Structures are given as C-alpha cells and as structure tokens.
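# Examining the three-dimensional arrangement
Residue strings, one per chain:
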Amino acid sequence: MNYIGKPVKRIEDPKFITGKATYVDDIEIPGTLFVAFLRSQVPHAYIKVKKQEGIFTGADINPGKDFPIPEREVTYVGQPIAAIVAKDRYEVYDLLESIEVEYENLPYVLDPQEALNNKVKVYTKKDSNIYLEKLWQGGDVDKAFKEADMVIEDELINQRVIANPLETRGALAYFDGQRLTFWSSTQSAHYLRRNLVSFLGFDNIRVIQPDVGGAFGSKIIAHPEEYALAKIAMILRRPVKWIPTRSEEMMSAGHGRDKRLKFKVGVKRDGRIVALEGTLIADLGAPYPDANDDESGNVDSTSRMLLGPYKITNAKLISYAVNTNKPPTQSYRGAGRPEATYFIERIMNIIANELNIDPIELRLRNVVRPEEMPYTNAFGVTYDSGNYVKMLEIAREYYSTLQNEAQKIGGCVGLGMYVEITAFGPWETARVLAKSDGKIIAITGSGPHGQGDPTAFAQIVADILEIPIERIDVEWGDTDIIEDGIGTWGSRTVTVAGSAMMKASEELRRRLIEVGAKMLNADVEEVEYKEGKVVHKTTGKSVSLNEIISNAYNMGVSLDVTYVYPVSSPTTPYGVHMALVKVDKETGKISVVKYIALDDVGRVINPLLAEGQIDGGVMQGIAQALYEKAVLNESGQLVNATLADYGFPTAVEAPKIEWHYIEMGFSTHPTGSKGIGEAGAVISSPVIVNAVENCLKVRIKEMPMSPELIVK
Ligand code: MCN
C-alpha cells in the first residue's frame, strides 16, 4: 500500500485554484432564458395568481396539485408561487413585480409548541400539525428515578440555522424535443434524476452535477424550483436557467436544526446517570406534503442518538415533529445527530457543574465499556466498535494542558464527547475500467462536492492496482456514465462508495491477472500481480498493464467493472473535543483561543482530507454556538436574509484547530473507515457552550451566545 493513509494532496484542486472550475452558472447555452420565482410574502394564505404571458403558475406546472408550485394554498414566507421567464437575469427580476397575486390571508402558527395543540392549522387540508409522534423507551424510568440522589430538569434549545454554501442552488435545463438534460448544483445527480423522472412521468433525462460550491445538506433534496424548471424547459423547449439570489437562498433553500428538548435526568452522587426522560419538539416548518424529503427523517436520528456514548439503560423520550408556517427545515451537516449530541453533552456539563465532578471523570463513570462493544443503546442503536474509556484517558492529557493555558490567560475550557452514525446505505456503485490508452477510469455513483473523496478513490484504486495515482482519472456527477447511484451525505462516501470502488478495483485486478496469465500461457495460480504487471512466478516473464489492456478484449474479457456495494450496517465514529475560550464580560465578546479534536474514525484514508473536514465542521458548530440564527419576525419573515445580517463566520473568527486521529481499530467495511464529514459539526457547538458556561457559572439554555446574551 502506497497511498492509503497518506496525506495525498487533492487531485481535484488544480482547476479550482486556477479559476477553471465550472459551476452551473458558468455553463452557457446560446438562447438560454432566465427563470425567477415570485415568492410568498405571507406565512399562510389562499392565493390567486393572475394568468399573464410568460408566467407559469401551479396550474401550468402541476395542475390539480399544490407541489412544487402551490395552485391555491401557500404555507410559508418565501415559498415559490409563480415563475417568470425573460431574456436575462436582470430583466427577469424586474418582471417579477408585474405578477399580480391576490392573497386571502389565513390564520398561521409559528411557534412549534403552540402548533402542537392544533388550534391553528398549518395546512388547511390536514387536520393535525403533528407530522410524527413517537415514544422511545428502554428500561424502567419511573423506578430508576426513585434511586437517584439528584434530579435535574430544564429545557435546551438548538436554534434554527442556515446551511449557506457559498454557491447558491441553481440549475440549467434543456429539452431538445427528445431528451431533457438537467445541470444542477446538487449532492446527487442520480437521486435528482429519479425525482425528476417520477414528477415528469418521463424518463429520457440526463442529470449532470457540475462543480459544486458547497452544499452542507441543503442540496440533497430535489427543490420545488428544480421540478418547476424542468417542467418549464419541457414546455418551452428552450434552455432555461435558474440561479437564486443570496436572500432567496437563505429564505428558501431549507433551514437546519430547530429542535428543543425538555429533560429530566436522575443521577447518583458519584455522577452515574440512572434515568433520563425527555420531550423533543422538532419544528419542521411547512414543507409541502408532497415534497420528497424534509427534516422529519432526522428527528428519529436526534431521538435515537440522544443517549450519546453513555450507558443510560433507563430512558424515555417522546418526540414530536411538528409543522409550523415557517420555511421548511431539512438535513444540515449532521442531520439530527448534532442536536442529539448538543442535548446530551449540555446535560453532562450541567451534571458536572452541579456535582462538582471533573468532566472527564464524569464521562468515564458513564460511558459504554470496551468489553460491551458492539453495544445497543436503550433506543435500539448499535455502536459497532470503539474504546470510549481509552479515548477519554487520552483526552485527559490534552485537557489538563489546555486547563493550564486557560489559567494563564484567564480563560475556560469546555469538553464534549460524541458518538455518531455514518456510512448509511442502502448501497453505492462504482465503475472501474481500463481504457485502451492505458488510463484507468474510476467512476462513482456518489456525488462528492468539496470533501475530497475523488482523491481518496484514486488512492484506493492506485493501491489495489499497484500503479501511480496519476494514471487514474476519477469521474462522477453524470447519470450517463454510471448506471445508478445514491449520493454524498451522511458521511457515507469514503466508506460506502470507497468500498464499492475497492471491490470494483479488486475485480478488475482479478481480470487483469486472468488475461495476463493467458498471455504468459500460464494458469492464474502460476502468476502473481505486482506493481501493475503480471509476472510468471517461475520464469520471471511478465506482461505490463498496457499489454494486458490491449489484449483483453481480443480474449473476450471486459475490463469494465461495475460493482454495487450493499451496506449491511452503518458505522459509529466517536471522539472527544475540547476548547479554550475567553469571555469578555464587559463587552460580551467570546473568543475561541484553541480547539482540540480527538477522533476515532477507523482507518483514515487520507489525513489531510479528514483534517480538512474536522476544520470545516468544527467551525460550523462554533458558528452555531456563537453567531448564527435564522431570525423570523412575528409574520414568519426571515429578517436576517443577507450575509451582512446573518452571523456568518469568516477566517478571522476561526481558532487554531488541532486534530489528532486516534485509530483504535477498523470498521467492518472493506475500507476499514468510518465517516468524518460531519463529526466536527456534530460535537463543536456543545463544546463551546460548555466552555462559556464554565466561565460564567450560569446555566446557558440557548444559542447563539451573542454579546447581548452574555452581557445580560
Ligand atoms: N476521510 C478519510 N478517512 C476517513 C473518513 C473520511 O480520509 N476515515 C476523508 C474522505 O476521503 C473525504 C472526507 O474525509 O475526503 C469526507 O469523507 P466522509 O466522511 O465519507 O464524508 P462524505 O464525503 O460523505 O461527506 C459528506 C459530509 C456531509 S454529510 C456534509 S453535510 C458536508 C461534509 O461532508 N458538506 C460539505 N463536508 C463538506 N465539505 C465541503 N467542502 N462542502 C460541503 O458541502
């Protein structure tokens, strides 16, 4: 093995750093018309859009239905209600003003707690605002609380935030009379294609994912505007492009998080948790009932991971996913796991402070022991492997150094531990083929968009085929080049798509040996594969990869392998993170001075890429702790819908982030890896809040910890 485990620089970077990347808005087809969407100004109303030339309403796009463009009922501010087409993007935005809409306002509800009582209906067509109500339970909570020495009750809020990738969503659609080609800034070309096929009832569709300027979960779903654009392209038979403005994006690309937990925890004097009970309320906003994805799927993820890495055998949770007349929430980096980690790690900090126990000691008294692995928690999730005790012991050293530094500068240290689930199924595809010019092409069915997975794939293929990495071209993001695929999310790509890539390469290697052996007039047992050559074990004669490739097809052997890797179970990375913060009590300003991350993600394929993911994820969580919140006013309008108003962090706010990977064993996937793409975002918010709470000695119940909140 030459490449796996090494900090190979990203092979996809040269075009980005030389300005040669192609984002969807860079693609120009002559004669393209621009599309803009008029958006609802009110949170709930019946609408009537006046039919005019060049305007597409729900009746044109989806007759008789309210999705993707409502024909009659709007349920949140920012919902697209009509599309207009013009020759250029400036004209199209001016023309939006010419669309006449009559609103018949309806009662609306914005507070999820209030929405639960169903007095005001979010959708007139639905009797209940409760999308999902679920009881999670293990052990005997009532009995266990009687054994507690202390019971703590409180409520914690994980606020609504916005993913905000630098590149907004956007798409270009062209129907040539036979085939629809659809370029989109998406996290999965295949997933988008499946959705367009089912919406249009037409399957001659090719979806292309050009370069993508970040997504963070917001480009998983097929957005209403994308369905509408595809339909408009089919009607007009001309290329049509849609690129939203930043404010539209912030309003309507889908928000993240927005969950609150009322909890009651029973502990022994020594800090052992004997029982945990809670009510979780997740605000879904108002995704249209026909939409294919929303935050409801992630509410289960928050619920089942609420117990963290701890052995809490008596636990009970009622979770509600409730609709309100707000913009929809959806997957945002971590998709439910950051909220779970936030709640349990805040609870741990509160217990540590109440009982005056060292935070590492408290966690050591509660974590699942290594001999209990694989461990299934009280809500049914299996943690596949790991040594939480050892991780905490390793963390102790870093923690005490950080505490010494804190003392010197008058700062405070916060700590958190997490376990999360990554590498979701159900499967992923890879295609590895040898071309007649000697190039090896590796194609993935997933949809990387900044993580660096293509470099990791090249490393994997190069190692299996024992050839220089430069011989490998990695391709993705086009439904024409590989039969099917799932996508990039849930920190699944290097593990699931990487395992598919590994298996496909192994099969290609097997075929190369088969052909090589035939060329050497030998049986496969008589030859061996070595550094891109097939060598006869006794005569020492060999044939090169290029020679094998040019002979294979004559021998009736295809060197084009597609492999579908089925995922039997996800895998659970874990770690301990800590931060040193300084709080200026006079101005309320909080500075994160240093951040240390210790993570066990199984085998690390490329430490440079993995570390980059930790840096970005940690910064996103710090931003949630300190700066970010989607602020909606009393009529459900997003009031900070610009980058100037929203607390978007920059490099200036980024602390020194130190990453150590603590490899304590491989996962059972062929790559041996566990995902890392979301870990930083999963754990860093509570680490920062815990640090500030330790400084202020006041219980913190909400984020962001803005200067106003601190000074108060
Ligand atoms: N890696 C590794 N060894 C491991 C685990 C990961 O070397 N044991 C490397 C991989 O090679 C890959 C990167 O780390 O380069 C992330 O891999 P993985 O954990 O498989 O996660 P995914 O590639 O599936 O990324 C998804 C994850 C998610 S869910 C969000 S949201 C997110 C994130 O990635 N969005 C991002 N990181 C992002 N980074 C960028 N630049 N842009 C986004 O939109």
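Definitions and limits used
- Residues numbered from 1 in each chain as written.
- Predicted model: local features only at pLDDT ≥ 70, side-chain atom pairs only at ≥ 80, totals over all residues.
- Heavy atoms only, no water.
- Helix = DSSP H or I, 4+ residues; strand = E, 2+ residues; numbered from the N terminus.
- Rg over C-alpha atoms; globule rule 2.2 N^0.38 Å.
- Buried < 20%, exposed > 50% of the residue type's maximum accessible area, 1.4 Å probe, protein only.
- Contact = heavy atoms within 4.5 Å.
- Areas by Shrake-Rupley, 256 points an atom, 1.4 Å probe, with all protein chains shown as cover.
- Lys, Arg positive; Asp, Glu negative; His and termini not counted.
- Charge placed at Lys NZ, Arg CZ, Asp CG, Glu CD.
- Arc of directions from axis to C-beta.
- Near = heavy atom within 4 Å.
- Polar contact = N/O pair within 3.5 Å; in protein donor to acceptor, adjacent residues only side chain to side chain.
- Nonpolar A, V, L, I, M, F, W, Y, C, P; charged D, E, K, R; others polar.
- Domains from an automatic or database assignment.
- Axes fitted to C-alpha atoms, helices over the stretch in contact; angles between N-to-C directions.
- Parallel < 35°, antiparallel > 145°, perpendicular 65-115°, else oblique.
- Left-handed = near helix turned anticlockwise from the far one by under 90°.
- Salt bridge = Lys/Arg side-chain N within 4 Å of Asp/Glu carboxyl O.
- Pairing = 2+ DSSP bridges.
- Disulfide = S-S within 2.5 Å.
- Phe/Tyr/Trp six-rings, centres within 6.5 Å; stacked < 30°, edge-to-face > 60°.
- Lys NZ or Arg CZ within 6 Å of the ring centre and 35° of its normal.
- Core = buried A, V, L, I, M, F, W, Y, C linked by side-chain atoms within 4.5 Å.
- Buried area = accessible area lost by both parts, 1.4 Å probe.

### Thoughts on the overall build of the protein
Per the secondary structure count, the protein includes 18 helices and 28 strands. Computed over its C-alpha atoms, the radius of gyration of the protein comes to 27 Å, within 12% of the 27 Å expected for a compact globule of 712 residues. Its C-alpha atoms put the protein at 80 × 70 × 45 Å along the principal axes. Burial statistics for the protein: of 712 residues in total, 61% are counted as buried. Expressed as a percentage of contacts within the protein between residues at least 6 apart in sequence, the contacts between residues at least 24 apart total 81%. Here the protein has roughly 26,900 Å² of accessible surface; of this, 49% comes from carbon and sulfur atoms. Counting 79 positive and 95 negative side-chain charges, the protein places the averaged centre of each group 2 Å from the other.

### Regarding helix H15 (residues 545–552)
The complete set of buried residues in H15 reads Leu545, Ile548, Ile549 and Ala552. Considered in projection along H15, the buried side chains sweep an arc of 100 degrees and stay on one side of the axis.

### Looking at the site of the ligand
Near the ligand lie 32 residues; those nearest to it are Gln451, Asp453, Thr493, Gln613 and Ile676. Here Ala215 contributes a backbone N or O atom positioned 2.7 Å from an oxygen atom of the ligand. When the ligand is considered free in solution it has 840 Å² of accessible area, and contact with the protein chains removes 95% of it. Of all elements in the fold, only helix H13 (453–465), helix H14 (493–519) and helix H16 (607–626) reach the threshold of two or more residues within the shell around the ligand. Looking at which element gives the most residues to the shell around the ligand, the answer is H16, with three residues. Looking at the shell around the ligand residue by residue, the classes come out as 11 nonpolar, 15 polar and six charged. Residue contributions to the shell around the ligand reach at least three from each of two domains, namely domain 2 (255–423 + 570–711) and domain 3 (424–566).

### Considering the environment of Lys134
Inspection of the secondary structure assignment puts Lys134 in strand E7 (residues 130–138). For Lys134, a relative accessible area of 33% gives the class partly exposed. For Lys134 and Leu280, which are 146 residues apart along the polypeptide, the C-alpha to C-alpha distance reads 9.8 Å. Setting aside residues no more than four positions away along its own chain, Lys134 makes contact with Asp300, Leu317, Ile318 and Ser319. A polar contact is formed between the side chain of Lys134 and the side chain of Asp300, at a distance of 2.8 Å.

### Details of the packing of helix H10 (residues 337–355) against helix H17 (residues 679–696)
Look at H10 against H17: their axes get within 8 Å of each other, and the N-to-C directions meet at 25 degrees. One way to sum up the angle between H10 and H17 is to call them roughly parallel. Between H10 and H17 lies a crossing of right-handed hand. Contacts between H10 and H17 involve Arg337, Pro338, Thr341, Tyr342, Glu345, Arg346, Asn349, Ile350 and Asn353 from the first element and Ala681, Val682, Ile683, Ser685, Pro686, Val689, Asn690, Glu693 and Asn694 from the second. Split into classes, the residues belonging to the contact of H10 with H17 amount to eight nonpolar, six polar and four charged.

### Comments concerning the pattern of salt bridges
Following the criterion strictly, the structure yields 46 salt bridges and no others. Here Lys241 ties to Asp25 by a salt bridge, and the two come within 3.1 Å at their closest N and O atoms. Of this pair, Lys241 sits in strand E12 (residues 240–242) while Asp25 sits in the loop between helix H1 (13–17) and strand E1 (33–39), and the two are 216 residues apart along the sequence. According to the relative accessible area criterion, Lys241 is buried, its value standing at 3%.

### Observations regarding the sheet that holds strand E18 (residues 412–419)
Overall, mixed pairing links the four strands, which are arranged E18-E26-E27-E28 in an open sheet. Each end of this open sheet is capped by a strand with a single partner; those strands are E18 and strand E28 (656–661). In this sheet, adjacent strand axes meet at a mean angle of 15 degrees when their direction is disregarded. Pairing between strand E27 (residues 590–600) and E28: six bridges, direction parallel. Paired with Tyr595 across the strands is Ile657, a residue of E28. Sitting on the sheet, H16 touches strand E26 (574–583), E27 and E28, and the angle it makes with E28 is about 130 degrees. Contacting E18, E26 and E27, H17 runs over the sheet at an angle of about 145 degrees to E18.

### Considering the state of the cysteines
Counting across every chain of the model gives one disulfide. A sulfur-sulfur distance of 1.9 Å marks the disulfide that ties Cys412 to Cys695. Looking down the S-S bond of the Cys412 and Cys695 bridge, the torsion is 100 degrees, so its handedness is right-handed. One end of the pair, Cys412, is in strand E18; the other, Cys695, is in helix H17, and 283 residues separate them in sequence. The exposure classification of Cys412 matches that of Cys695, with both residues buried.

### A few points about the packing of aromatic side chains
Evaluated as defined, the whole model comprises 10 aromatic pairs. With centroids separated by 6.0 Å and ring planes inclined at 90 degrees, the aromatic side chains of Phe37 and Trp242 adopt a geometry described as edge-to-face. Of this pair, Phe37 sits in strand E1 while Trp242 is found in strand E12, placing the two residues 205 residues apart along the sequence. Residue classification places Phe37 among the buried positions, given a relative accessible area of 1%. Within the aromatic cluster, the residues linked to one another by ring pairs are Phe67, Phe199 and Tyr227. Between the NZ or CZ atom of Arg72 and the centre of the ring of Tyr46, over which it lies, the distance is 3.8 Å. The ring of Phe145 has Lys264 lying over it, and the distance from NZ or CZ to the ring centre is 4.4 Å.

### Digging into the nonpolar core
Counting residues in hydrophobic clusters, the biggest one holds 98 residues, and the most contacted among them are Tyr595, Ile688 and Met705. If you look at the next biggest cluster of nonpolar residues, it comprises 42 residues, including Val461, Ile472, Val527 and Tyr529.

### Comments concerning the domain arrangement of the protein
Looking at the assigned domains, one finds that the protein contains domain 1 (14–106 + 165–215 + 219–252), domain 2 (255–423 + 570–711) and domain 3 (424–566). A separation of 35 Å is found between the C-alpha centroids of domain 1 and domain 2. Of the residues lining the interface, 23 residues belong to domain 1; the matching set on domain 2 comes to 23 residues. At the boundary of domain 1 with domain 2, total buried surface from both sides reaches about 1,900 Å², with 58% on carbon and sulfur atoms. Across the domain 1-domain 2 interface, the total number found is zero salt bridges. Along the contact surface separating domain 1 from domain 2 lie three residue pairs in polar contact (both at pLDDT 80 or more).

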